[in-house]
Amino acid sequence: MGLDWIRASSERAETPLTAAVAAGRWIRSAAVDDGRGRHWRANPDPRGRSAVTAEPASLYSGAAGIVLFFLELAAATGHEAYLEDARAGARYLAATWRDQADPSLYHGLAGTVVALTEAGWALGEERFEAEALAAADRIVRAVRPVGGGLGWSADPAQRGDGGIVLVLLRAAAAFGVPVYEQVALEAGERIAGLAVPGHRFGDCPDLPADAVTPGFLSGTAGTALLLARLHGVTGERRFLDAARRGAGFVREVSVVTGGCAVVPHHVPQARSLHYLGFCSGSAGVARMFYELYRAAGDPGDLDWAERMAHGIVRSGVPQRSAPGLWNTACQCCGTAGLLELFVGLWAATGRERYLEFAGTLAGSLIGHATDPDGRGMRWYQAYRRLRPGEVSADTGYMVGAAGVGAALLHLDAAMQPDRARRVILLPDNPFPAIPVPAAALGRPE
């Protein structure tokens, strides 16, 4: 239950936009300025420690993700002050990216490329785009022989090489640099050659060595999304065939009841544990099926994306908790990740039930927000399911207030079809960047 009773009713956030503004106020209280620019403490609250290892620059929990949030908050409110927040964070990223050894999307250099690219475009500052190019060049130079092909690690999933490939594809489109796409395709060819791409990761914490993970960040679904994206870029059949092998595995292990489906967290040990969130559950798997639909046009893939969404609704969340959605609000494994899915599905299909459920999820997020000291809204959560007593409130994008605020801003944009605006979606989000159904955009005045 939330701690809204601490505030007077007149001070409680009542809309997605006002909640996002209040989240921004709390994130601002965590700012750390130095000669390199600005980053933000992962957990500035004296009542708890951060849920994650300190990564001051990362997209997952550091400056890169928070820069994206402030860019979106500026677009939603029109307030220049938020652009200054983003600018200060981009300066920090530009000054520190050379210190990053990890090339990955969520925890490393590829995420910095995304943030600097978006900052350069939104702020009109070529220096940030130049740093994004230099960082992308470094990623390209770091590619090496891996498993009979090219890559950066032995991990083909979104947490590893898959996320890097998606960033290079986006950078190739943004900057018109052919070598980025060339390297992305060569790395993708190695992944496409796997029997069932990306589905076995014995080095995952808390999992048995022989666990098979069909989910998104560290499993088959995210890898299949990458391969479907490569098919969309190239039209080459081998990428589509590999994506279909991955999707086939996910369907094989899923539990289907009527028009609903859920996916196990890992098999064979946890067939009855069905996560609902983005990282390892239905919200991420649905992205993969929608990407396949976008790339190949098979309505059966859209049907499976919707089955995953229907499984979430049928679970009874957010009114009640579930083993696959516990006390967690964040983008990675919590309610904000579900909100992203349902806003995206509404934009893709125009089905009002998805927007209505997105509103229900947002209401739950707002109701569970806390502002005990007047510094702004935050979300206390048990980030790790197996450690329910370890509760914290973080600032970052995938694990904290910045990501919750971004999801609320995406719903705010969807609620205003006559004032449609572009939102910032990460490279592994296949849904429309203007979260309004095409039919609504085409309405005559």
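Residues numbered from 1 in each chain as written. Predicted model: local features only at pLDDT ≥ 70, side-chain atom pairs only at ≥ 80, totals over all residues. Heavy atoms only, no water.

Chemist: Would you mind going over the overall build of the protein in detail, with residue names and values included?
Modeler: Across its full length, the protein carries 15 helices and 6 strands. Principal-axis analysis of the C-alpha atoms gives the protein an extent of 60 × 55 × 50 Å. Out of the 445 residues in the protein, the part that is buried amounts to 60%. Restricting the contact set of the protein to residue pairs at least 6 apart, pairs at least 24 apart contribute 66%. Total accessible area on the protein is roughly 16,600 Å²; 52% of this is exposed by carbon and sulfur atoms. Here the protein holds 43 positive side-chain charges and 46 negative ones, and the gap between their average locations is 4 Å. (Helix = DSSP H or I, 4+ residues; strand = E, 2+ residues; numbered from the N terminus. Buried < 20%, exposed > 50% of the residue type's maximum accessible area, 1.4 Å probe, protein only. Contact = heavy atoms within 4.5 Å. Areas by Shrake-Rupley, 256 points an atom, 1.4 Å probe, with all protein chains shown as cover. Lys, Arg positive; Asp, Glu negative; His and termini not counted. Charge placed at Lys NZ, Arg CZ, Asp CG, Glu CD.)

Chemist: So what's going on with the pattern of salt bridges? Which residues, and what values?
Modeler: One pass over the structure, following the stated rule, counts 27 salt bridges. In this structure, R36 and D34 form a salt bridge, with 2.9 Å as the shortest nitrogen-oxygen distance. Its salt-bridge partner being E189, residue R238 comes within 2.5 Å of it at the nearest N-O pair. Of this pair, R238 sits in helix α9 (residues 237-253) while E189 sits in helix α7 (residues 178-192), and the two are 49 residues apart along the sequence. Here R238 falls in the partly exposed class, since its relative accessible area comes to 38%. (Salt bridge = Lys/Arg side-chain N within 4 Å of Asp/Glu carboxyl O.)

Chemist: Can you lay out the packing of helix α11 (residues 299-314) against helix α13 (residues 352-367) for me, pointing to particular residues and giving the numbers?
Modeler: Packing of α11 against α13 leaves a shortest axis separation of 12 Å and a crossing angle of 40°. Classified by the angle their axes make, α11 and α13 are oblique. Where α11 crosses over α13, the handedness of that crossing is left-handed. Contacts from E306, A309, H310, I312 and V313 of α11 reach α13 at R353, Y354 and F357. A breakdown of the residues in the contact of α11 with α13 according to their chemical character gives 5 nonpolar, 1 polar and 2 charged. (Axes fitted to C-alpha atoms, helices over the stretch in contact; angles between N-to-C directions. Parallel < 35°, antiparallel > 145°, perpendicular 65-115°, else oblique. Left-handed = near helix turned anticlockwise from the far one by under 90°. Nonpolar A, V, L, I, M, F, W, Y, C, P; charged D, E, K, R; others polar.)

Chemist: Which residues make up the packing of helix α6 (residues 161-175) against α7, and what are the values?
Modeler: Across the interface, α6 lies against α7 with an axial gap of 8 Å and an inter-helix angle of 150°. On the basis of their axis angle, the class for α6 and α7 is roughly antiparallel. Crossing hand, α6 versus α7: left-handed. Touching D161, V165, L168, L169, A171 and A172 of α6 are Y180, E181, V183, A184, A187, R190 and I191, all from α7. For the contact of α6 with α7, the per-class residue count stands at 10 nonpolar, no polar and 3 charged.

Chemist: Help me get a handle on helix α5 (residues 126-141), residues and values and all.
Modeler: Note that an α-helix has 3.6 residues per turn; residues three or four places apart therefore point the same way. Its 16 residues place the ends of α5 23 Å apart at the C-alpha level, agreeing with the 22 Å of an ideal helix rising 1.5 Å per residue. Taken as a whole, α5 has its buried residues at F128, A132, A135, A136, I139 and V140. Projected onto a plane normal to the axis of α5, the buried residues spread over an arc of 145° and lie on a single side. Those residues of α5 that are exposed and aimed more than 90 degrees away from the buried face are E126 and R141. (Expected span 1.5 Å × (residues − 1). Arc of directions from axis to C-beta.)

Chemist: Can you lay out empty space enclosed by the protein for me, pointing to particular residues and giving the numbers?
Modeler: A complete count under the given rule lists 4 cavities of 30 Å³ or more for this structure. In terms of lining residues, the largest cavity is bounded by F278, R287, Q331, E340, Y397, M398, H410, L425, L426, D428 and N429. Of the residues belonging to the lining of the largest cavity, the class tally is 5 nonpolar, 3 polar and 3 charged. (1 Å grid on protein atoms, 1.4 Å probe; cavity = no way out; pocket = protein on both sides within 12 Å on 5 of 7 lines; lining within 4 Å. Points joined across faces, edges and corners; volume = space filled by probe spheres on them.)

Chemist: Can you lay out the packing of aromatic side chains for me, pointing to particular residues and giving the numbers?
Modeler: Aromatic ring pairs are reported here in terms of the distance separating the ring centres and the angle at which the planes meet. As enumerated under the stated definition, the model contains 12 aromatic pairs in all. Judged by centre distance (4.7 Å) and plane angle (25°), the rings of Y290 and F431 are stacked. With Y290 in helix α10 (residues 282-296) and F431 in the loop between α14 (401-414) and α15 (438-441), the pair connects residues that are 141 residues apart, well separated along the chain. What makes Y290 buried here is its relative accessible area of 8%. Look at F431 and you get buried, because its relative accessible area is 6%. (Phe/Tyr/Trp six-rings, centres within 6.5 Å; stacked < 30°, edge-to-face > 60°.)

Chemist: Describe helix α3 (residues 80-96), and please don't skip the residues or the numbers.
Modeler: In this model α3 runs 25 Å from its N-terminal to its C-terminal C-alpha over 17 residues, within 8% of the 24 Å that 1.5 Å per residue would give. Counting buried positions along α3 yields 12 of 17 residues, so the element is predominantly enclosed. For α3, the full list of buried residues reads Y82, L83, D85, A86, R87, A88, G89, A90, Y92, L93, A94 and T96. Where the residues of α3 are buried, they touch α1 (16-28), β2 (37-40), α2 (63-77), α4 (109-123) and α5.

Chemist: How would you explain unusual backbone geometry if you had to name every residue and give the values?
Modeler: Leaving glycine aside, a negative phi is the common case for residues, and trans is the common case for peptide bonds. Between V267 and P268 the backbone carries a cis peptide bond, its omega angle lying at 5°. With an omega dihedral of 5°, the bond running from V317 to P318 counts as a cis peptide bond. For P318, the location among the structural elements is in the loop between α11 and α12 (335-349).

That's the geometry; what it means functionally is another story.
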